[in-house]
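A closer look at the structure
Residues per chain are reported as follows:
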Amino acid sequence: MSHKPTHATAVAHPNIALVKYWGKRDVERNIPAVGSLSITLDGLTTTTTVRFDPEFEHDVFLLGGCEAPKMAQRVVGCLDRMRRRAGVSMHAVVESENDFPTAAGLASSASGFAALVIAADAALGAGFDRSELADLARQASGSAARSLFGGFVELRLTPDGPYPTETRQLLEPRAWPLRILVAVTDPGPKAVGSTEGMLMTELTSPYYRDWVESSPADLLEARSAVERRDFEALADVSELSCLKMHAVMLSARPGLVYWNGTTVECIRRVRELRADGVAVFFTVDAGPQVKAVCLPEVYERVERELAAIPGVTSMVESRLGDGARVVEDRR
Ligand code: DP6
């Protein structure tokens, strides 16, 4: 293993969970309480460069050119796990850029940690396989493991496996080219971060156990819908999982209300369109943005309808994208 200065750059895209992850089986090791199923986007990108140098005395993390102390702690934790496994002690400078708003429910931590593990692995020449990289990304942020893969992705709980979770691609992006529209209703940072929100929910919601116990059935239904490319079935189970997650969030004490009025209006509009036979469904994460997933032929109609809702400040369009990958490797 080299101990000379090295660097590599990777890109990764956010993903949107259709069957949601909310809650932790093990907080220390960041093991999710439930499996999840997501789609990886291609319209939004995180680019991360990692430079290791024996001269560096500590790690530095810059997000969009600025220090981001809260995120930096998690970045250092992730690098420490990678250095331990690779038997390297060099510190690193990590520079990350998002071409979309951070912390607005667009899953920047997912693309951020996916790009980080891929870039750090390449810079170190560690040669970790995808399962190990997915495990490293999952320890940094549960949803990040899913951004290592493109298209439709499932993260399963595998308590008896080599790693506590296993992430794999179900369908590649071109196999079922759905389109995604994100209706941005508030570009500001979210009030309560996911990690904190999950713990509050687990500790205080009377419905938490039901949420966890009902998740495997949703996962099974969604996996089968993806395998059959059955849009209606995927729409049904995705909206169910989203609303159940928000129901358990709302029932925490104090209740976690991530939505605003425009979020509700967008959901209503998508439901009306769907009732009219338009192939679209919604999903919402720990923030107020509404993600509409649709077939390509109704995309323009859905965009027109959502853009016309007062309070929608911008729209982000996306297709399904590929998994995280190295774009420059200078070892
Ligand atoms: C609502 O992956 O951000 O987006 O593991 O604590 O970093 P940590 O949580 P995170 O949670 C994502 C929650 C969600 C649903 C999902 O993406 O499955």
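Attention here is on the structure that accompanies the text. (Residues numbered from 1 in each chain as written. Predicted model: local features only at pLDDT ≥ 70, side-chain atom pairs only at ≥ 80, totals over all residues. Heavy atoms only, no water.)

**So, the site of the ligand**
Threshold: Near, as used in this document, describes a residue that has one of its heavy atoms within 4 Å of the molecule or strand being considered. For this analysis, a polar contact is any N or O atom pair within 3.5 Å, provided that within protein one partner can donate a hydrogen and the other can accept it, and provided that sequence-adjacent residues contribute only side-chain to side-chain pairs. The helix count covers DSSP runs of H or I at least four residues long, the strand count covers runs of E at least two residues long, and both are numbered beginning at the N terminus. Under the scheme applied, nonpolar residues are Ala, Val, Leu, Ile, Met, Phe, Trp, Tyr, Cys and Pro; charged residues are Asp, Glu, Lys and Arg; polar residues are all the others, including Gly.
Residues in contact with the ligand amount to 18 residues; listed here are only the nearest, Tyr 21, Lys 24, Gly 142, Ser 143 and Thr 195. Separating an oxygen atom of the ligand from a side-chain N or O atom of Ser 141 is a distance of 2.7 Å. One nitrogen or oxygen atom from the side chain of Ser 194 is found 3.2 Å from an oxygen atom belonging to the ligand. At 3 residues, the largest contribution of residues to the shell around the ligand is made by helix 4 (residues 194-204). When the residues that make up the shell around the ligand are grouped by side-chain class, the tally is 6 nonpolar, 7 polar and 5 charged.

**Quick word on empty space enclosed by the protein**
Worth spelling out the cut-off: Whether a set of points on the 1 Å grid over the protein atoms alone is a cavity depends on a 1.4 Å probe fitting there but being unable to get out, while an open set qualifies as a pocket with protein on both sides within 12 Å along at least five of seven lines; lining residues are those with an atom within 4 Å of a point. Grid points are joined across faces, edges and corners, and a volume is the space filled by probe spheres set on the points.
Applying the stated criterion across every chain yields a total of 3 cavities of 30 Å³ or more. Taken as a whole, the largest cavity spans an internal volume of roughly 110 Å³. Mapped onto the lining of the largest cavity, the elements with two or more residues apiece are strand 6 (46-53), strand 7 (60-63), helix 1 (69-86), strand 9 (91-98) and helix 2 (108-124). Element by element, the count of residues in the lining of the largest cavity is highest for helix 2, at 4 residues.

**Some thoughts on the packing of aromatic side chains**
Rules: To pair, rings of Phe, Tyr and Trp, with the six-membered ring standing in for Trp, must have centres within 6.5 Å; the planes then decide the type, stacked if under 30 degrees apart, edge-to-face if over 60, and tilted in the middle. Relative accessibility under 20% of the residue-type maximum defines a buried residue, over 50% an exposed one, and the middle range a partly exposed one, all with a 1.4 Å probe and only protein chains included.
Applying the stated rule across the entire model yields 3 aromatic pairs. On the basis of an interplanar angle of 20° and a centroid distance of 5.5 Å, the ring pair of Phe 152 and Trp 176 is categorised as stacked. Of the two residues, Phe 152 sits in strand 10 (residues 152-157) while Trp 176 sits in the loop between strand 11 (165-171) and strand 12 (179-184), which places them 24 residues apart along the sequence. Residue classification places Phe 152 among the buried positions, given a relative accessible area of 0%. A centroid spacing of 5.5 Å and a plane angle of 50° characterise the contact between Phe 231 and Phe 281, whose relative ring orientation is tilted. One end of the pair, Phe 231, is in helix 6 (residues 231-250); the other, Phe 281, is in strand 13 (residues 280-283), and 50 residues separate them in sequence.

Distances and angles like these do not, on their own, reveal function.
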